[in-house]
Each structure stands twice: as C-alpha cells, then as structure tokens.
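Per-entry structural report
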Amino acid sequence: MSSTLSDAFRGKRLNIQHKLLDFTSLKELPDLYTWTESDEYHAGQSLASESVPVIDLDGPTAVNVNVIGHACKTWGVFQVINHGIPTALLHNAMCTSRSLFTLPTEQKLKVARSPDAFEGYGLARISSFFSKQMWYEGFTNVGSPLDHFRLLWPQDFNMHCNVVEEFKKEMKKLAERLMCLILGSLGTTTEDIKWAGLNGDFKDHPSPLNLNYYPACPDPDRAMGLAAHTDSSLFTILYQNSVSGLQVLREGTGWVTVPPVSDALVVNVGDMLHILSNGLYPSVLHRAVATRKNRSSIAYFYGPPSDLQISPLQNLVGPSQPLLYRSISWSEYLRVKAKHFNEALSFVRV
C-alpha cells in the first residue's frame, strides 16, 4: 500500500529540504508563512458555540448506532470516550511523537520524504496546493516504522517501534468496531460488507499513521497550522494533546472548535465514507489553527482495501435517492485527490 500511496501523489512534487524551517529559531513570522485575509481558507476566528458530540462507547450498542449515525449525518465528526485503548498507550504514543519532533533538524531530515514519496518526515502533503506554507511538520508511516526509526533513534528505535506498532494494532481494533456501528447506522451489516468485518476477508487494509506537530507560533492569528481539507479515508481517528487547535466546518454554523477531552479520540468522516453512504454522511472540512503553544496530534486513517471498488450501498439508492457517485477504489481516488484536492468528490459524481 505504501507504493500505491506514493504513486497516487506522484506529480505533486514537494522539495521539503528547501522549504522546511527550524521553527524553534524563529521569533517572527516569515512572509512565506504569513496568511492574509485574501488567502483561501484563512484561519480567522471561530465564532460558533455549538459542541461536537461526545459518545460513550460503553453505552448500549443500539443507542450508539443511532447517535453515531446522527453525528455522522449532522456533523461529520464526533468524539469517543471509553473506547478501550489504554491511557498509557495513548500517552506513550504521544511521547514518541514528541521525541521525534524535538530531534535536531538534521536528524529528522535523515527520514525526509522524497518528492514523490508518501512516507517519512516533512511538510503536509497538501502544501503543494497553496502558495503559503503552514506552521506544521509531520511524519507519515505505512507498514513497519523500523527502517525510519533506526535512523532517527539508533539506540532507542526498538522502544519507539513497539509503541507505534501496538498503537496501530489497538487503533485497527477500534476502527473495525466503529465501522460496524457506522454500517449499522446505514442499515447494513458486516455480513453484507465482508471486508469491513472484524475478521475481514481482505488483508490489504491500508491504515496510514500521521504524527502531526504544530510548533508554538509567534503570531498565530496570521499563520495557518494546517489548511482546510477533507480526508480521503473512510474515517480518521485522531488523538490530540491538551492544546486546542482542531476546527471543523459545520454547514450553517461556521467553524467549530473540537476541544481536547481527556483521553478521548476524535473521529471524522472521510471521502470514501461519503461515497459509500451516497452522500448521507458528508466528509467534513477541517483545519488546525496555529497557537502560541506546542500542539501535537496523531491521526490514524482507516480505509477500505486499496484496490476494492467502493460504491454507494444498494439500500441507500432508489427512486427517491438517486445514485450520486460512481464506483471507485481508494487507490484510484487518491490519484484524483492528489490532482483535484478538495474538489475530488465532484469528479466522482455520476
């Protein structure tokens, strides 16, 4: 799947060695990182006072099916508590992330993404769609992190590998559980969608992991942490530290901050679930604003088998619900997304 992702982004070249800054040395905002009111998706202010739903997964299954379905339909995002992932593991994963981003720049650049690659360290891949740069650095992993971690931590790579592998294992279990609940809310089950079950028939369930770091910014009101975008996945599970910065765009409301809740995880609808639900569960536009404090998050992107054709569920299509999207695989959709960015879904409309 790593090569598939790299192929999808081929042609969107990004010279990270040239553009990436040592944020810790900056006392003022460089022009390249200064976003103005005329820039698309400028950070601005979040004026909305509504709250993103928080769902207790220890609740009755039938109740959770309904509340998750309602959250997906009306928000495109929700938070979950009592999700089963040990608090210690969440904290250890965040410690690994913090350890990575506090390494010297020359050390991090040993695992820098090449212009055509998907994995490694560098700027956000969406940077190529904007004239201004974002106050952000990240590390993307698909598969084993061993080769990269050997270069980052020659002495401690095993410890960090074990943390990341265990984190991904637990995230996969949670993602499969959430997928069952989401399918139930759409009126179908994993009996109908075999690949989505807890013992799916397909081994190729790509799940990229992204470590995100937003350094303390000297002028956050004029900077951008991560510009507004939707995710290409079915859904994304995000663990964020205690510093607020994530915002989602709710239709008719505006930008709404997703406040950190202790040990909670944020789940947001992605483009592939948007297609699978025939538009019933819209993928949510979200962004990260810059702040005066260091902010970190870890994102787990749950997708279908990369080459499996995904189309709207049959029970969601009928005389009163016309088919809105053609069949497409995740790997093909990633190529569309790499070319058309936030307009990608419109190129899959029938």
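A quick note: this is a predicted structure, and the numbers were derived from the prediction, not measured.

This paragraph deals with the overall build of the protein chain. When you go through the protein chain residue by residue, the secondary structure sums to 9 helices and 14 strands. The buried share of the protein chain, reckoned over its 350 residues, is 55%. Pairs at least 24 residues apart make up 77% of the contacts formed inside the protein chain by residues separated by at least 6 positions. Surface accessibility of the protein chain: about 15,000 Å² in total, with carbon and sulfur atoms responsible for 51%.

Take a nonpolar patch on the surface next. A cluster of nonpolar residues, Val 317, Leu 323 and Val 350, forms a patch on the protein surface that exposes about 240 Å² of accessible area. Mapped onto the elements, Val 317 comes out in the loop between strand E13 (309–310) and strand E14 (328–329). You can call Val 317 partly exposed: its relative accessible area is 31%.

Attention now moves to the environment of Trp 75. With respect to the element layout, Trp 75 can be found in the loop between helix H3 (61–74) and strand E2 (77–81). The sequence separation of Trp 75 and Pro 282 amounts to 207 residues, and the corresponding C-alpha distance is 8.3 Å. Not counting the four nearest positions on each side in its chain, Trp 75 is found in contact with Glu 50, Ser 51, Val 52, Pro 53, His 70, Val 248, Arg 250, Val 256 and Val 284.

Ordered in space as E6-E11-E8-E9, the 4 strands form an open sheet in which the pairing is antiparallel. Two strands lie at the open edges of the sheet, namely strand E6 (226–229) and strand E9 (254–257), each paired on one side alone. The sheet shows a mean angle of 20 degrees between the axes of neighbouring strands, taken without regard to direction. Bridge count for strand E8 (residues 246–250) against strand E11 (residues 286–288) is 3 bridges, and the pairing is antiparallel. Paired with Gln 247 across the two strands is Arg 287, which belongs to E11.

An ideal rise of 1.5 Å per residue puts 21 Å on 15 residues; helix H4 (residues 87–101) measures up with 22 Å between its terminal C-alpha atoms. Of all the residues in H4, the buried ones are Leu 89, Leu 90, Ala 93, Met 94, Thr 96, Ser 97, Leu 100 and Phe 101. Relative to the axis of H4, the buried residues are bounded by an arc of 155 degrees and lie together on one face.

With that settled, the discussion passes to unusual backbone geometry. In this model, Asn 278 sits at a positive phi of 55 degrees, which is unusual for a non-glycine residue. Within the secondary structure layout, Asn 278 lies in the loop between helix H8 (271–276) and E11. Notably, Phe 341 is not glycine yet its phi reads approximately 50 degrees, a positive angle. Inspection of the secondary structure assignment puts Phe 341 in the segment after helix H9 (330–340).

Moving on, we get to the sheet that holds strand E4 (residues 137–141). Strand order across the open sheet formed by 8 strands is E1-E2-E10-E7-E12-E5-E4-E3, with mixed pairing between neighbours. The outermost strands of the open sheet, each flanked by one partner alone, are strand E1 (54–56) and strand E3 (120–122). Put simply, the sheet's adjacent strands are angled 25 degrees from each other on average, direction ignored. Here E3 pairs with E4 via 3 bridges, running antiparallel. If you follow Gly 122 over to E4, its bridge partner there is Gly 138. Where H3 meets the sheet, it contacts E1, E2 and strand E10 (265–269), and its direction lies at approximately 165 degrees from that of E1. Across the sheet, H4 is in contact with E3, E4, strand E5 (209–214), strand E7 (235–240), E10 and strand E12 (295–302); its angle to E5 comes to roughly 60 degrees.

Evaluated as defined, the whole model comprises 1 cavity of 30 Å³ or more. By volume, the largest cavity is sized at about 700 Å³. Lining the largest cavity we find 41 residues, and of these Ile 126, Asn 210, His 229, Asp 231 and Phe 301 sit closest to its centre. For the lining of the largest cavity, a count of residues per class yields 23 nonpolar, 12 polar and 6 charged.

About the criteria used
Residues numbered from 1 in each chain as written. Predicted model: local features only at pLDDT ≥ 70, side-chain atom pairs only at ≥ 80, totals over all residues. Heavy atoms only, no water. Helix = DSSP H or I, 4+ residues; strand = E, 2+ residues; numbered from the N terminus. Buried < 20%, exposed > 50% of the residue type's maximum accessible area, 1.4 Å probe, protein only. Contact = heavy atoms within 4.5 Å. Areas by Shrake-Rupley, 256 points an atom, 1.4 Å probe, with all protein chains shown as cover. Patch = residues over 30% accessible without salt bridge, like charges linked within 9 Å, V, L, I, M, F, W, Y side chains within 5 Å. Salt bridge = Lys/Arg side-chain N within 4 Å of Asp/Glu carboxyl O. Pairing = 2+ DSSP bridges. Axes fitted to C-alpha atoms, helices over the stretch in contact; angles between N-to-C directions. Expected span 1.5 Å × (residues − 1). Arc of directions from axis to C-beta. 1 Å grid on protein atoms, 1.4 Å probe; cavity = no way out; pocket = protein on both sides within 12 Å on 5 of 7 lines; lining within 4 Å. Points joined across faces, edges and corners; volume = space filled by probe spheres on them. Nonpolar A, V, L, I, M, F, W, Y, C, P; charged D, E, K, R; others polar.

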